[in-house]
Amino acid sequence: MEPIARIVRMEQFLNEAWAAVKALDQALDRYAAARAGLTELTAYYEDGRWMEDFEADAAGRLPQDLNRGVLSEDAVYNLLTDNAQLKERLRRLGKD
């Protein structure tokens, strides 16, 4: 490969990697800030309070205009599953 072509290629790698590193750093900052809420959400889902609220909603005891995405049967479970998979992926990436 000619020096100019090599430099152009390496410059692309540098720019793409730099942008990815900055984006990941920002995402990790947001994730770190969300971890306390995620811990509390996990406890809410696992200790029975979620089921109490779900049943209260099913019985019509909650206001109709209340945002209740957290009570969907899959939202919290899917988030916790995705979070566990992400943590495992980060562990694997950290071994490189």
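Refer to the structure presented above.
Attention in this report is confined to the structure presented alongside it. (Residues numbered from 1 in each chain as written. Predicted model: local features only at pLDDT ≥ 70, side-chain atom pairs only at ≥ 80, totals over all residues. Heavy atoms only, no water.)

Okay, helix H1 (residues 3-46) next. At Arg-35, H1 shows its largest kink, close to 40°. Following H1 by one or two positions, Gly-48 adopts a phi angle in the positive range, close to 100°. (Bend = angle between axes of the 7 residues up to and from the residue. Helix = DSSP H or I, 4+ residues; strand = E, 2+ residues; numbered from the N terminus.)

What follows concerns the pattern of salt bridges. Side chains that differ in sign of charge can pair as their charged atoms come close. Following the criterion strictly, the structure yields four salt bridges and no others. We note a salt bridge from Arg-91 to Glu-88, for which the minimum N-O separation is 3.2 Å. Pair noted here: Arg-91 and Glu-88 are both in helix H3 (residues 75-94), with a separation of three residues, about one helical turn. For Arg-91, a relative accessible area of 49% corresponds to the partly exposed category. Take Glu-88: its relative accessible area is 34%, and that puts it in the partly exposed class. When the shortest N-O distance is used, the salt bridge between Arg-92 and Glu-88 registers 3.9 Å. On the criterion of helical spacing, the pair formed by Arg-92 and Glu-88 is a turn pair, its members being four residues apart in helix H3. (Salt bridge = Lys/Arg side-chain N within 4 Å of Asp/Glu carboxyl O. Buried < 20%, exposed > 50% of the residue type's maximum accessible area, 1.4 Å probe, protein only.)

What follows concerns a nonpolar patch on the surface. Where nonpolar side chains cluster on the molecular surface, the patch consists of Leu-24, Leu-28, Leu-86, Leu-90 and Leu-93 and spans about 400 Å² of accessible area. Secondary structure elements with two or more residues in the nonpolar patch: H1 and H3. If you tally residues by element for the nonpolar patch, the top one is H3, at three residues. You can see Leu-90 is positioned in helix H3. What makes Leu-90 partly exposed here is its relative accessible area of 32%. (Patch = residues over 30% accessible without salt bridge, like charges linked within 9 Å, V, L, I, M, F, W, Y side chains within 5 Å. Areas by Shrake-Rupley, 256 points an atom, 1.4 Å probe, with all protein chains shown as cover.)

Take the packing of aromatic side chains next. One pass over the structure, following the stated rule, counts two aromatic pairs. Centre to centre, the rings of Tyr-45 and Trp-50 are 5.5 Å apart; their planes meet at 65°, and the pair counts as edge-to-face. Measuring from ring centre to ring centre gives 5.0 Å for Trp-50 and Phe-54, while their planes differ by 15°; the resulting arrangement is stacked. Pair noted here: Trp-50 and Phe-54 are both in helix H2 (residues 49-58), with a separation of four residues, about one helical turn. (Phe/Tyr/Trp six-rings, centres within 6.5 Å; stacked < 30°, edge-to-face > 60°.)

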